Amino acid sequence: MSRQPAVRLDRLLANLGYGSRREVHAMVRDRAVILDGQAVTDAGARISLTLDLPERMTVKGAGLDPPAPLVLMMHKPEGVVCSHREPGRSVYELLPSRWRSRTPSLSSIGRLDRDTTGLLLITDDGAFLHRVISPRSNAPKRYIATLKDPLRGDEAEIFGRGDLMLDGEERPLAPARLERLGPCLAQLTITEGRYHQVRRMFSAVGNQVLKLHRDRIGALDLPADLPPGAWRRMTPEACAAVLAGGCEEPQSGL
């Protein structure tokens, strides 16, 4: 059996956003950190990062937050942003408040603009993030677009050719697959993630996107029982399945 990595308790809790190391030492003195039913008395004790640690440790009476690496799926609602720097309410405010102090920090895997809803992945695992967004991954992303004007009928052929140029771009878009769902409703699957790509694609053919919703990344569908603003933790096995082209059901939210 491989040996589990270990880390000092004060460093672990500080990295998870529970407070500074000094504050963690105070919590330990107050017997607020419990491991396997016993109060931890040494803030410098080394803790093995086993997968069941969040079930074995409590801090101030609540279960330990999941250590890194962490991958979440969220149903992004309308009106929130994915950037740490962009003004306005962000998706990170939908998570427990101390998670904004985690080290390493959480980042979205790609972005959805303020008005776009749907499936969003959030992680502190840089290697996983880069594998998903790498152009070599060709991870398909599926969107449902509500349009201002009825579809003309030639959009699927134009988007599928692989020669559509967007304003300000120096290379054409990769082929995309469009399926007509209604006169003003389309399902579009792309393998790139250029700035406002779906909206700009429809603009290039003389139409305007009124509503945009992403319901799939790779083989991962947005669960029907995950309401806007809610999130779930994904297991390492589910993340590996996404990258491999399949996906398991994620765990329930913490």
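Just above sits the structure.
Quick summary incoming for the structure in this document. Not measured: the values here are computed from a predicted model.

Following Ala-68, the chain continues to Pro-69 via a peptide bond in cis, the omega torsion being 0 degrees. Here Pro-69 is to be found in the loop between strand 6 (62–63) and strand 7 (71–76). Note the cis peptide between Thr-103 and Pro-104, where omega equals 0 degrees. Examined against the element boundaries, Pro-104 turns out to sit in the loop between strand 7 and strand 8 (107–108). At Arg-31, a residue that is not glycine, the phi angle is positive and equals roughly 60 degrees. The residue Arg-31 is located in the loop between helix 2 (21–29) and strand 2 (33–35) in this model. One non-glycine residue, Asp-36, lies in the positive phi region at around 55 degrees. With respect to the helices and strands, Asp-36 occurs in the loop between strand 2 and strand 3 (38–39).

With that out of the way, let us pick up the nonpolar core. The biggest cluster of nonpolar side chains holds 35 residues, and the ones touching the most others in it are Val-91, Leu-95, Ile-122, Phe-159, Leu-188, Met-201 and Phe-202. Counting only elements with at least two residues in this core, the list comes to strand 7, strand 9 (116–123), strand 10 (141–147), helix 5 (155–161), strand 12 (185–190), helix 6 (197–204) and strand 13 (209–217). Val-7, Leu-35, Ala-43 and Met-57 belong to the second largest nonpolar core, which has 19 residues in total.

With that out of the way, let us pick up the pattern of salt bridges. Evaluation of the coordinates by the stated rule reveals 18 salt bridges. Salt-bridge contacts for Arg-114 lead to Glu-86; the nearest nitrogen and oxygen are separated by 3.5 Å. Of this pair, Arg-114 sits in the loop between strand 8 and strand 9 while Glu-86 sits in the loop between strand 7 and strand 8, placing them 28 residues apart in sequence. You can call Arg-114 partly exposed: its relative accessible area is 30%. Across the pair Glu-192 and Arg-194 runs a salt bridge whose closest N-O atoms are separated by 3.0 Å. Accessibility classification places Glu-192 together with Arg-194 in one group, the buried group.

Before going further, it helps to examine the pairing of strand 9. With 8 of its 8 residues buried, strand 9 lies for the most part within the structure. Pairing geometry for strand 7 and strand 9, over 6 bridges, is antiparallel. Residue His-75 lies in a different strand from strand 9, and its bridge partner there is Leu-119. Bridging between strand 8 and strand 9 involves 2 bridges; their strand directions are antiparallel. Each bridged residue has a counterpart across the sheet, and for Ser-108 the counterpart in strand 9 is Ile-122. Sheet topology note: the strand 9/strand 13 ladder contains 3 bridges and is parallel.

Reading guide: rules and limits
- Residues numbered from 1 in each chain as written.
- Predicted model: local features only at pLDDT ≥ 70, side-chain atom pairs only at ≥ 80, totals over all residues.
- Heavy atoms only, no water.
- Helix = DSSP H or I, 4+ residues; strand = E, 2+ residues; numbered from the N terminus.
- Core = buried A, V, L, I, M, F, W, Y, C linked by side-chain atoms within 4.5 Å.
- Buried < 20%, exposed > 50% of the residue type's maximum accessible area, 1.4 Å probe, protein only.
- Salt bridge = Lys/Arg side-chain N within 4 Å of Asp/Glu carboxyl O.
- Pairing = 2+ DSSP bridges.

Distances and angles like these do not, on their own, reveal function.
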